[in-house]
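Next come the chains, spelled out residue by residue.
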Amino acid sequence: MKRTRAEAVIEAVLFTMGESVEIGRLADVIEEDVKTTKEILKEMEKRYGREDRGITLTWLDGSVQLCTKEDMYESLIKIARAPKKMTLTDTVLETLSIIAYKQPVTRAEIERVRGVNCDHAINKLLEYDLITELGRLDAPGRPLLFGTTEQFLRCFGVESLEALPELNPVQVEEFRREAETEVGLQLEV
């Protein structure tokens, strides 16, 4: 397939899908190998940047998505309703952090780390599409397993889970002491 035609096909697929598409699937569609497809995608991304276009490509863990450039937001809100803002409280962020670093993880494991019930936080994260149910643990009661989504990667500007910052062991110990103190205070109340 001619390169300009391959780019047009990729652009049409990404536009129509409206979500990320695995690079291997795009390669199959344009009848190229993954390496060549990545080269085509990188060239498209460069061109979108050079030509002052309103779109760009976002890379997400072996997939790519056609997205609106961030600097187009002000123009978009003039015509579209303001997007729903996520409110991520400390509790919700702590729960999300545990899931991001320990996934797949059960509700009981999250609550063991936090020391408190996490139903509300997990429900908010599911509502915001930052986490998803990954299946069930093969254990008594078959508890649900949770993990992060592509939406999580997009929201936090992370290309893959491997790109998450490493936790400092000193900070982990400090967090553990704070959580134990928090739990101790709640038990006294």
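Since this is a predicted model, take the numbers as computed values, not measurements.

A. Quick look at the packing of helix α5 (residues 90-102) against helix α7 (residues 119-127). Relative to each other, α5 and α7 sit at 75 degrees, their axes nearing to 9 Å. When the axis of α5 is compared with that of α7, the two are roughly perpendicular. Listed contacts from α7 to Thr91, Val92, Thr95, Leu96 and Ile99 of α5 are Ala121, Ile122, Lys124 and Leu125. The class makeup of the residues in the contact of α5 with α7 is six nonpolar, two polar and one charged.

B. Local environment of the nonpolar core. Within the largest apolar cluster, 20 residues are counted, with the highest numbers of intra-cluster contacts made by Ile99, Ile110, Leu125, Ile131 and Phe152. For this core, the secondary structure elements donating two or more residues are α5, α7 and α8 (150-155). Ranked by size, the runner-up nonpolar core spans 16 residues in total, among them Val21, Leu41, Met44 and Leu57.

C. Representation of the sheet that holds strand β1 (residues 21-22) in the model. Taken in spatial order, the three strands line up as β1-β3-β2 in an open sheet, and their pairing is antiparallel. Two strands bound the open sheet, and with one partner strand each, they are β1 and β2 (55-60). Pairing between β2 and strand β3 (residues 63-68): six bridges, direction antiparallel. Each residue of the ladder has a partner; that of Ile55, found in β3, is Thr68. Packed onto the sheet, helix α3 (residues 34-50) meets β2 and β3 and runs at close to 140 degrees relative to β2.

D. Region of the structure containing the pairing of strand β6 (residues 144-148). Taken across its five residues, β6 has four buried, putting it largely inside the fold. Bridge count between strand β4 (residues 105-106) and β6: two bridges; the pairing is antiparallel. Paired with Thr106 across the two strands is Leu145, which belongs to β6. Relative to β6, strand β5 (residues 131-136) is paired through five bridges, and the arrangement is antiparallel.

Conventions adopted
Residues numbered from 1 in each chain as written. Predicted model: local features only at pLDDT ≥ 70, side-chain atom pairs only at ≥ 80, totals over all residues. Heavy atoms only, no water. Axes fitted to C-alpha atoms, helices over the stretch in contact; angles between N-to-C directions. Helix = DSSP H or I, 4+ residues; strand = E, 2+ residues; numbered from the N terminus. Parallel < 35°, antiparallel > 145°, perpendicular 65-115°, else oblique. Contact = heavy atoms within 4.5 Å. Nonpolar A, V, L, I, M, F, W, Y, C, P; charged D, E, K, R; others polar. Core = buried A, V, L, I, M, F, W, Y, C linked by side-chain atoms within 4.5 Å. Buried < 20%, exposed > 50% of the residue type's maximum accessible area, 1.4 Å probe, protein only. Pairing = 2+ DSSP bridges.

All quantities given are derived from atomic positions and should not be read as evidence of function.
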